[in-house]
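Chain by chain, the residues:
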Amino acid sequence: MSSQTSSHKPRVAVVFGGRSSEHAISVLTAGAVLRAIDREKYDVLPIGITTDGRWALTADDPDRMAITDRRLPSVAELAESAEGGVVLPVDPTNREVVYTEPGSVPKALGEVDVVFPVLHGPYGEDGTLQGLLELSGVPYVGSGVLASAVGQDKDYMKRVFASFGLPVGPYEVIRPREWEQDPAAARKKIVDFAGEHGWPLFVKPARAGSSMGISKVDDLSGLDAAIEEARSHDPKILVESLLRGREIECGVLEFEDGPRASVPAEIPPVTAHDFYDFEAKYIDSATGIVPAPLTAEQTAKIQELAVAAFEAASCEGLVRADFFLQDNGEFVINEINTLPGFTPISMYPRMWQESGVSYPELIDRLLQAALRRSTGLR
């Protein structure tokens, strides 16, 4: 790390976009983060990753990173060049970021002290970017390689939670080879699961987020189409039974003395949508209730479970934990999100705002926690 004297402001590379189906959501998040970072305290370098994987130097212009007339933004529209690329050296002794364009002399962009990755989904939230940053020796916001990978793969996430005694709902996994080699046997596996737990089922990609690729299946006739939709995002799919109850979320944030939980939020039933899908979340701006109308005992329980999930998966920095409060009064953990959205309507910052941590303070706490940590084993 470049020495931090009293006159040195930490340099933050905000990395966003990416190759996953959540590219546009990442751009929305980046716009909100760039707008909230205290420029008197930090220098900022926005770096966008295009859908084909090119690291591009982008304009520091949050206003262009927004949904306009229901149209989602992209890094390609924000890149300063159609061909130029940003290179982060995989060398812990050198944090000099370099910009190159065909036919031009490479240009040094200066050193980076910390990376704020706001990528969602594979190739960013799943431990791949975190591994690159570990090799580079650059501190970064959020969980490390293992926790990021576990948080991305809902199959192994649920296995980890169950091994720690956390309440997990019924689910089945169809791995790529199962569907490709014997779809009839894979289909029977799902039908048997439905016979035990009942229809409807939810079919989803095992390693995607933002409700991408999820289908609610009411009977056998819709199953194959739902499987193909999920497999268009991830060849490994997850099948879950319907859990009747309320959707409750809780944020976890790393403070100097360890992780703490926010006030929880409730996602009310979405009348215009069959469930809380991508359109409801980001296009039609479904509104969550913050704080959730829970008893003091229920609030304490979900906060306890959220921190336990954070610890079980060895998370760092931040997590949004999603639960169902079932009709029988018991909580079931659905999933964690190690890099939750920071869009203006996202639940994670809203829950912390209600807990007394403003958006700018939230960003600052995450950056300070990252700067306190070393890379490598910890």
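Scroll up a little and you will see the structure.
Keep in mind it's a predicted model, so treat the numbers as computed, not measured.

Focus on the sheet that holds strand 8 (residues 171-174)
- Strands sit in the order 8-11-9-10 across an open sheet of four strands; the sheet is antiparallel. Among the strands making up the open sheet, the edge pair consists of strand 8 and strand 10 (215-217). Within this sheet the neighbouring strands show an average axis-to-axis angle of 25°, counted without direction.
- When strand 9 (residues 201-205) meets strand 10, the two strands line up antiparallel, connected through three bridges. Directly across from Phe202, in strand 10, lies its bridge partner Lys216.
- Against the sheet, helix 7 (residues 183-197) contacts strand 8, strand 9 and strand 11 (237-241), and its axis sits at roughly 175° relative to strand 8.

Overview of the packing of aromatic side chains
- In this structure the tally under the stated criterion is five aromatic pairs.
- Where Phe116 meets Phe342, the ring centres are 6.2 Å apart and the plane angle is 90°; that geometry is what we call edge-to-face. Placement of Phe116 in strand 7 (residues 114-117) and of Phe342 in the loop between strand 16 (331-337) and helix 11 (347-354) is noted, with a sequence separation of 226 residues between them.
- We classify Phe116 as buried; its relative accessible area is 1%.
- For Phe342, a relative accessible area of 2% translates into the label buried.
- Among the aromatic residues, ring-to-ring pairing joins Phe116, Phe342, Tyr348 and Tyr359 into one connected group.

Examining the pairing of strand 13 (residues 258-261)
- Looking at chain direction, strand 12 (residues 245-255) and strand 13 are connected through four bridges and run antiparallel. Of the residues in strand 13, the one forming a bridge with Glu254 is Pro259.
- In sequence, strand 12 turns back onto strand 13 through a hairpin of two residues.

A short note on the pairing of strand 15 (residues 318-326)
- Where burial is concerned, most of strand 15 is hidden: nine out of the nine residues are buried.
- The pairing of strand 12 with strand 15 spans nine bridges and is classified as antiparallel. What sits directly across from Val252, in strand 15, is Val319.
- In this structure, strand 15 lies alongside strand 16, joined through six bridges in antiparallel fashion. Of the residues in strand 16, the one forming a bridge with Phe323 is Ile333.
- Turn length for the strand 15-strand 16 hairpin, with the two strands adjacent in sequence and antiparallel, is four residues, and the turn residue Gly329 shows positive phi of about 90°.

Digging into the sheet that holds strand 7
- Across the sheet, which stays open at both edges, the four strands sit in the order 3-2-1-7 with mixed pairing between neighbours. Whereas interior strands pair on both sides, the edge strands pair on one side only; in this sheet they are strand 3 (55-57) and strand 7. Averaged over all pairs of adjacent strands, the angle between their axes in this sheet comes to 30°, without regard to strand direction.

So, the pattern of salt bridges
- With the rule as written, the count across this model stands at 29 salt bridges.
- Between Glu256 and Arg372 there is a salt bridge, and its shortest N-O distance comes to 3.9 Å. With Glu256 in the loop between strand 12 and strand 13 and Arg372 in helix 12 (residues 359-372), this residue pair connects regions lying 116 residues apart in the sequence.
- By relative accessible area, Glu256 is classed as exposed at 59%.
- For Glu316, the salt bridge is made with Arg373, and the minimal N-O distance between the two is 3.4 Å. Here Glu316, found in the loop between helix 10 (296-312) and strand 15, pairs with Arg373, found in the segment after helix 12; they are 57 residues apart in sequence, far enough to count as distant. The two residues Glu316 and Arg373 agree in class, both being buried.

The rules behind each value
- Residues numbered from 1 in each chain as written.
- Predicted model: local features only at pLDDT ≥ 70, side-chain atom pairs only at ≥ 80, totals over all residues.
- Heavy atoms only, no water.
- Pairing = 2+ DSSP bridges.
- Helix = DSSP H or I, 4+ residues; strand = E, 2+ residues; numbered from the N terminus.
- Axes fitted to C-alpha atoms, helices over the stretch in contact; angles between N-to-C directions.
- Contact = heavy atoms within 4.5 Å.
- Phe/Tyr/Trp six-rings, centres within 6.5 Å; stacked < 30°, edge-to-face > 60°.
- Buried < 20%, exposed > 50% of the residue type's maximum accessible area, 1.4 Å probe, protein only.
- Salt bridge = Lys/Arg side-chain N within 4 Å of Asp/Glu carboxyl O.

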